[in-house]
Amino acid sequence: RSRGLGDVYKIQTEVKSSLATGYKVLYIGTPCQIAGLKAFVRDSRNLYTIDLICHGTFSSKLLKYEVEHWEKRFGGRLSNLYFRSKIKYPWSVGGMVNFNIWDGRKSKHIEVHGSGSPTYKCFAYCENGVSYNLRPSCYTCQFRDRKRFADLTVGDSWCIKNMFFTNKVKRNGISLLICNSAKADELIRLLQGINFKPLDINRAFVQSALLPTNRDIPAEREQIYKITNEEDYAMKIEQLLHFSLKESLNKTTSRFRKERFKRVIKSVLFFLSLIHI
């Protein structure tokens, strides 16, 4: 679930208490959360940290509106809201909004591409490189750099080309792991069943979320956060940013269907070539 500042402080206090009693602790969070935790606990000898390749975060206030939007659209009670599913489009590197809807009789699982979500569309799918709903500090983040406070950095391997992986592996997604300390080596040795490929550090730090940034806060952001409970969230977003969520989702769905058809044709042709041989 989305955590507020009070929750973060509570968790950091629990981590500090556990470390003081001799426990080893693994903490996973955004780069800024890791930096804040280490400044708070100070003695981090038994603390293991993993930070995520972070493009920025938006307020939990918007998640409330997101939930209400889907509940209104599907006429039921939403539960288990997640992002980044690969159930429907296994080869997609794009984000999927997925959740369950209870209509009073049964639960139905819903998978929607992020381009059809009012919150996710503002975050990553406006197609102009602008994120309209981040927290103010994310636009001038001090933690997008090669100097990492976490022991291990994990995320998607965006912008990394010519990797020696099979097409099947690529369809399911390839992760990037960056070891920043000796503790990261300890964590890596605990992993089993993982196909590792070494990568030069200069090839790893190529995607924008790992590079220093100083982005302007878009003017539309203020209006997004002024949306009230009485307003239609999705309609207001469409009016502010001049797009149709339905058209955006249809365009994305059509593209994925064409991609799926191409993959089927390639598989059939490959199979026929084997028979011919």
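Just so it is clear, the model here is predicted, and its values are computed rather than measured.

Draft legend 1. Seen up close, the pattern of salt bridges. Following the criterion strictly, the structure yields nine salt bridges and no others. Notably, a salt bridge pairs Arg-77 with Glu-71, separated by 3.8 Å at the nearest N-O pair. Looking at Arg-77, the relative accessible area reads 59%, which means it is exposed. Across the pair Glu-127 and Lys-251 runs a salt bridge, and its minimum N-O distance is 3.9 Å. Taken together, the residues span a long stretch of sequence, with Glu-127 in the loop between helix H4 (118–124) and strand E6 (152–156) and Lys-251 in helix H10 (residues 245–276) at a distance of 124 residues.

Draft legend 2. Spatial organisation of the pairing of E6. Strand direction decides the pairing type here: strand E2 (residues 47–52) and E6, joined by three bridges, are parallel. Paired with Asp-51 across the strands is Thr-153, a residue of E6. The sheet contact formed by E6 and strand E7 (residues 175–179) spans five bridges and is antiparallel. If you follow Thr-153 over to E7, its bridge partner there is Ile-178.

Draft legend 3. Examining the sheet that holds strand E1 (residues 25–29) more closely. Sheet architecture is open: four strands sit in the order E1-E2-E6-E7, paired in mixed fashion. Pairing within the sheet leaves two strands with one partner each, and these edge strands are E1 and E7. Along the sheet, successive strands turn relative to each other by an average axial angle of 20°, direction set aside. Of the strands in this sheet, E1, E2, E6 and E7 touch helix H6 (residues 182–190), which is tilted by about 85° from E2.

Draft legend 4. Region of interest: the packing of aromatic side chains. Evaluation of the coordinates by the stated rule reveals 10 aromatic pairs. With a centroid separation of 5.2 Å and 90° between ring planes, the pair formed by Phe-83 and Tyr-120 is classed as edge-to-face. Highlighted residues: Phe-83 in strand E3 (residues 77–83) and Tyr-120 in helix H4, separated in sequence by 37 residues. Lying across the ring of Phe-40, Lys-16 places its NZ or CZ 4.7 Å from the centre. Geometry around Phe-256 places Arg-255 over its ring, the cationic atom sitting 4.9 Å from the centre.

Draft legend 5. Structural detail: the sheet that holds E3. Taking strand neighbours across the sheet as the criterion, the three strands line up as E3-E4-E5 in an open arrangement whose pairing is antiparallel. This sheet does not close on itself; its edge strands, each paired only once, are E3 and strand E5 (107–113). Each strand of the sheet is rotated relative to its neighbour by a mean of 20°, with strand direction disregarded. Sheet topology note: the E3/strand E4 (residues 96–102) ladder contains five bridges and is antiparallel. Bridging across to E4, Tyr-82 finds its partner in Asn-98.

Rules used throughout
Residues numbered from 1 in each chain as written. Predicted model: local features only at pLDDT ≥ 70, side-chain atom pairs only at ≥ 80, totals over all residues. Heavy atoms only, no water. Salt bridge = Lys/Arg side-chain N within 4 Å of Asp/Glu carboxyl O. Buried < 20%, exposed > 50% of the residue type's maximum accessible area, 1.4 Å probe, protein only. Helix = DSSP H or I, 4+ residues; strand = E, 2+ residues; numbered from the N terminus. Pairing = 2+ DSSP bridges. Axes fitted to C-alpha atoms, helices over the stretch in contact; angles between N-to-C directions. Contact = heavy atoms within 4.5 Å. Phe/Tyr/Trp six-rings, centres within 6.5 Å; stacked < 30°, edge-to-face > 60°. Lys NZ or Arg CZ within 6 Å of the ring centre and 35° of its normal.

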